Amino acid sequence: MAFIEFKNVSKGYSGAQGFSPVLKDINLQIEEGEFVAIVGYSGAGKTTLISLIAGLIKPDSGQVLMNGKEIQGADPERGIVFQNYSLLPWLTVYENIRLAVDEVLSDKSKEEQDAHTLKYIKMVNLSHAKERFPKELSGGMRQRVSVARALAMNPKVLLLDEPLSALDALTRATLQDEIKNIWEAEKKTVLLITNDVDEGILLADRIIPLSAGPGATLGAPVQVQIARPRDRKKINHEPRFKEIRKEVNGYLLGLGTKPKLTLEKKFVLPAIEPEDLDHPRNLIPGASLTPIRSNEVKRERVEV
Amino acid sequence: MSEQFEKKVKDYLILPLFGVVCFMVLWCVICSVTDNLPNPIKMWHKSELFIYEPFAKRGEMDQGILRFTGLSISLVGQGYLVALIFGTPLGFFLGLSKLFTKSFDPIIQILRPVSPLAWYPLGLVLFELSPEPSYFASLFTISVCAMWPTVLNTAVGVRAIPQDYLNVAKVLKLSRSKTLFKVLIPATLPYMFTGFRLSLGIAWLVIVAVEMLKGQPGIGGFLWDAYNAGNYSLVILCILVIGLVGFTLDRLMSLVEGKFKTA
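A quick note: this is a predicted structure, and the numbers were derived from the prediction, not measured.

J.: Explanation requested: the overall build of chain A in the structure shown.
T.: From N to C terminus, chain A includes 7 helices and 12 strands. Going through the 304 residues of chain A one by one, you find that 36% of them count as buried. The long-range share in chain A, meaning contacts at least 24 apart out of those at least 6 apart in sequence, stands at 69%.

Have a look at this one:
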C-alpha cells in the first residue's frame, strides 16, 4: 500500500464564469521515504494538487489517502513550505518557528521546545538572524525560515510548493543543495512541486509531469536513476540527465497533451497586376490582351 | 546639509507661517466689515484671563481653558473607550461571518450616518432612571457615533487577512484562541488602528455638539455659554482650542498607528 495515494481525484473551482476544472483524474502513489517531483506549467493546478494533500481543500470527486486513510483537514504531520513563504510578519524568525514547535511538541518542556527550535534554525544556517523579523530578511532567508518551520513540525511528509521559484538563480542553487542535504540526512517523504525540470532531476527519485490546465492530469512518471549523492556540476554530463529532460519536456510540450490551436486567416493580395512571364503573350489579333493575373483570395491554415 | 536645512525651514516654518498670516489678514478684513466680530488683538485681550490661568475654577461656567478642555477630553476618553470595547468585537464578527454581515450590515449602514444631535435625546430617554441621565446620554451618544469607523475598518481588516496566514494556522492546527491572538488580531491591527484614529476624530466632533445641547462644563458648553453671553472672543478662542486638540489627538493616533504597520 502506498504511503500517499490519489484515486481518480478531480478538483475545480466555480467562479464568475461558472465551473472551471483544474485537475482531472489524478492518480498518484508515493512510497514512504520517496522524493517525488511534479513538474508542470504555471497555472496548471500544482498548488491545488499540493493543497489537496495538505488537507487545505477537499477534492470534488475521488480520494486522497495517507496510510490508507482519507485525509481530513490540515495537520502538522504534513508539513508544507508555501510558495510565498507565508511567514507571520509580526513574529521574529525564532517566534515563527516556535509557534509551530509549540503546537507539535506541546507535551514537552519549555527547554526542549526551545532547543528543538534552535536546532532547526541552525539547520538552515540562520542562527545569526533568529531575532530578526521577516521583512528584514532576503527572499532566500525567508524561504529557509519557511523550510525550517516545516521541518520543525517533524512531519511524516514534507510538501514543497514551488519553494524556490521566487528566488534568483544563485540563491536557488544554494537552497537546492540545502534541501538535498537535509533530505539525504532525514530521508523523509518529500513531494516537490516545481516548474524547473533540472531542479526535479537534481533532487527527486521520480519526476511526474503535470499537463497544462484546465483539467490537468499527470503523465507517466520518469524514474531518475542517477546515483546519490548527486553533484550539480557532474550531473550535467550524465547521459541519463538529458534523456530525462527530453522525456519530461516532451510530455509537457507534446502535441498530444495540449489542444491544437488552428488559426485560419484570409489574405487578400493587393490588386497589382503582375504579368506571368511564363505564359507567352497571346498576340493573335482578336484574342484577349490582358495578362494572366495572380491576385486572388487565399486561405491559410496554421497549426500551433 | 545646509541646503536641506533651508528646505526644511521653508517647508515647515516659513510656508505654514505665511498661511497663518493670510488667515489673520482675512480675519481682520472681515472684522473691518462687521462690528460683531472681534479682531485678533481684541480677542486676545478678552480671553487673556482664560489662557493665563488655564486651570483656574472661578465658577461652573467660568474656568480656565485647559480645565474645560480637560473635562471634555475625559468625557471623550470614556465614550471612546466604550466605542472601542463594543466596536472591535462587532467588527471581528462582521469580518469573520458572512451570515452576520448579511444580517446586520444593512442596519449598521442605516444607523451610521445618524447625527449625534439625534442620538442624544434617545440617550436621555434610555438612561432616564440612572442617577445622571445627562452624563450617560453623553457617553451613549459619543460611543454610538464614534463606533462605526472602528467597526467597519476592523471588518475590512479581518476580510483582508491573506489566505496564507490562515493556511499557516490551519496546517499548525492552532486552537481557536491561538488563531485569534497569534494570527487574526496581529494581522488586523493596522486596519483596527486606522479605525481607532477615525473614531477618535469623530468622538471629538461629537463632544462639542453634546455639550452644547446640555450646557455641561467643557469646551463645547463654554463655547455655547460665551455665545449666549455675546462674548464672541471666547467663541473664537474655543474654536481654536477645539481645532488644536483635535489636531494633536489625530497626530498622536497616527504615530501609534504607524507603529503597528507590518511589512
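Structure's up, so let's keep going.
J.: Hey, could you run me through the packing of helix α3 (residues 65–96) of chain B against helix α6 (residues 133–159) of chain B in this one?
T.: Working note: a packed helix pair is described by the angle between its axes plus the distance between those axes. Where α3(B) contacts α6(B), the two axes come as close as 6 Å, and the packing angle between them is 35°. Taken as a pair, α3(B) and α6(B) cross one another with a handedness that is right-handed.

J.: Explain the interface of chain B and chain A here, please?
T.: Accessible area lost upon the coming together of the parts serves often as the stated size of an interface. At the junction of the two partners, chain B supplies 14 residues and chain A supplies 16 residues. Secondary-structure elements contributing two or more residues to the side of chain B that touches chain A are α7 (163–171) and α8 (176–214) of chain B.

J.: Help me understand the sheet that holds strand β7 (residues 157–161) of chain A, please; the structure alone is not making it clear to me.
T.: Sheet strands pair via backbone hydrogen bonds, and the direction of the pair is either parallel or antiparallel. Residue and element names in this part refer to chain A. In space, the 6 strands of this open sheet follow the order β6-β7-β8-β3-β9-β10, with mixed pairing throughout. The outermost strands of the open sheet, each flanked by one partner alone, are β6 (78–81) and β10 (222–223). Of the pairings in the sheet, the one linking β6 to β7 comprises 4 bridges and is parallel in character. Looking at β7, one finds that Arg 78 is bridged to Val 157. Contacts from helix α7 (residues 239–253) reach β3 (35–40), β9 (206–210) and β10 within the one sheet, and its direction differs from that of β9 by about 20°.

J.: How do you make sense of the environment of B:Arg159 when you look at a structure like this?
T.: Residues and elements named next belong to chain B. Among the secondary structure elements, Arg 159 is positioned in helix α6. Since 14 C-beta atoms lie within 10 Å of it, Arg 159 is described here as partly exposed. Expressed as a C-alpha distance, the spacing of Arg 159 and Leu 94, which sit 65 residues apart in the sequence, is 8.8 Å.

J.: How do you make sense of helix α5 (residues 116–126) of chain B when you look at a structure like this?
T.: Think of an α-helix as turning once every 3.6 residues; residues three or four places apart then point the same way. All names here are of chain B. Looking only at α5, the buried set comprises Pro 116, Trp 119, Tyr 120 and Gly 123. End-on view of α5: buried residues confined to an arc of 110°, all on one side of the axis. Turned more than 90 degrees off the buried face of α5, the exposed positions are Ala 118, Pro 121 and Val 125. Buried-residue contacts for α5 involve α6 and α8.

J.: What's the story with the pairing of strand β1 (residues 4–15) of chain A in this structure? I'm lost.
T.: For a regular strand, the rule is simple: side chains alternate between the two faces of the sheet. Residues and elements named next belong to chain A. Of the strand pairs in this sheet, β1 and strand β4 (residues 61–66) are connected by 5 bridges, and their pairing is antiparallel. Across the sheet, Glu 5 pairs through a bridge with Leu 65, a residue of β4. Across 9 bridges, the pairing between β1 and strand β2 (residues 18–30) is antiparallel. Bridge pairing in β2 links Phe 6 to Leu 28. Where β1 folds back on β2, the antiparallel hairpin that results is connected by 2 residues.

J.: Just checking my understanding: could you explain helix α9 (residues 219–228) of chain B for this structure?
T.: Residues and elements named next belong to chain B. With 8 of 10 residues buried, α9 lies mostly within the body of the structure. For α9, every residue scored as buried is listed here: Ile 219, Gly 220, Gly 221, Phe 222, Leu 223, Trp 224, Asp 225 and Ala 226. If you follow the buried residues of α9, they end up packed against α3, α8 and α10 (232–259). Looking one or two residues past α9, Gly 230 carries a phi angle of roughly 75°, positive in sign.

J.: Please explain the environment of A:Ala148 as it appears in this structure.
T.: All names here are of chain A. The residue Ala 148 is located in helix α4 (residues 139–152) in this model. Separated by 129 residues in sequence, Ala 148 and Phe 19 place their C-alpha atoms 37 Å apart. Ala 148 has contacts with Ile 97, Tyr 120, Ile 121, Met 123, Val 124 and Leu 126, leaving out every residue within four places of it along the chain.

J.: What exactly am I supposed to notice about the packing of helix α2 (residues 93–104) of chain A against helix α3 (residues 110–123) of chain A here?
T.: Residues and elements named next belong to chain A. Packing of α2 against α3 leaves a shortest axis separation of 9 Å and a crossing angle of 125°. The orientation of α2 relative to α3 falls into the category oblique. Note that α2 runs across α3; the crossing there is right-handed. For the pair formed by α2 and α3, the contact residues are Val 93, Tyr 94, Ile 97, Arg 98, Val 101 and Asp 102 on the first element and Gln 113, His 116, Thr 117, Tyr 120 and Ile 121 on the second. When the residues that make up the contact of α2 with α3 are grouped by side-chain class, the tally is 6 nonpolar, 3 polar and 2 charged.

J.: How should the sheet that holds β4(A) be read in this particular structure?
T.: Residue and element names in this part refer to chain A. Ordered by their spatial adjacency, 4 strands build an open sheet running β2-β1-β4-β5, and the pairing between neighbours is antiparallel. A strand with exactly one partner marks an edge of an open sheet, and here the two such strands are β2 and β5 (69–70). Here β4 runs beside β5; their pairing, made up of 2 bridges, is antiparallel. When the sheet's bridge partners are listed, Leu 65 is paired in β5 with Glu 70.

J.: It is not clear to me how the nonpolar core should be interpreted in this structure. Could you clarify?
T.: Taken as a class, soluble globular proteins show a tendency for nonpolar side chains to be buried jointly. Grouped together as the largest cluster of nonpolar side chains are 128 residues, with contacts concentrated most on A:Ile97, A:Ala148, A:Leu159, A:Leu191, A:Ile207, B:Ile142 and B:Ala203. The greatest single-element share of this core, amounting to 15 residues, is contributed by α8(B). Ignoring sequence-local partners within four residues, the contact set of A:Ile207 consists of A:Ala37, A:Val39, A:Gly200, A:Ile201, A:Pro221, A:Val222, A:Val224, A:Ile244 and A:Val248.

J.: How should I be thinking about the confidence of the model for chain A in this particular structure?
T.: Where the model shows low pLDDT, its predicted coordinates should not be examined in detail. Of all residues in chain A, 83% have pLDDT values of 70 or greater, and the mean over the chain is 82. When pLDDT is averaged over each helix and strand of chain A, the minimum, 61, is found for strand β12 (residues 297–303) of chain A and the maximum, 92, for α2(A).

J.: Any chance you could explain unusual backbone geometry here in plain terms?
T.: Both trends apply: most residues other than glycine have a negative phi, and most peptide bonds are in trans. Residue and element names in this part refer to chain A. The backbone of Asn 154 sits at a positive phi, close to 50°, despite the residue not being glycine. Within the secondary structure layout, Asn 154 lies in the loop between α4 and β7. Classification of Asn 154 as partly exposed rests on a count of 17 C-beta atoms within 10 Å. Positive phi is not limited to glycine here, since Lys 187 has a value of about 50°. Position of Lys 187 among the secondary structure elements: in the loop between α5 (169–186) and β8 (189–194).

The rules we used
Residues numbered from 1 in each chain as written. Chains lettered and ligands numbered in written order. Predicted model: local features only at pLDDT ≥ 70, side-chain atom pairs only at ≥ 80, totals over all residues. Helix = DSSP H or I, 4+ residues; strand = E, 2+ residues; numbered from the N terminus. Buried ≥ 20, exposed ≤ 12 C-beta atoms within 10 Å, placed from the backbone. Contact = placed C-beta atoms within 7 Å. Axes fitted to C-alpha atoms, helices over the stretch in contact; angles between N-to-C directions. Left-handed = near helix turned anticlockwise from the far one by under 90°. Pairing = 2+ DSSP bridges. Arc of directions from axis to C-beta. Parallel < 35°, antiparallel > 145°, perpendicular 65-115°, else oblique. Nonpolar A, V, L, I, M, F, W, Y, C, P; charged D, E, K, R; others polar. Core = buried A, V, L, I, M, F, W, Y, C linked by C-beta atoms within 7 Å. pLDDT = per-residue confidence, 0-100.

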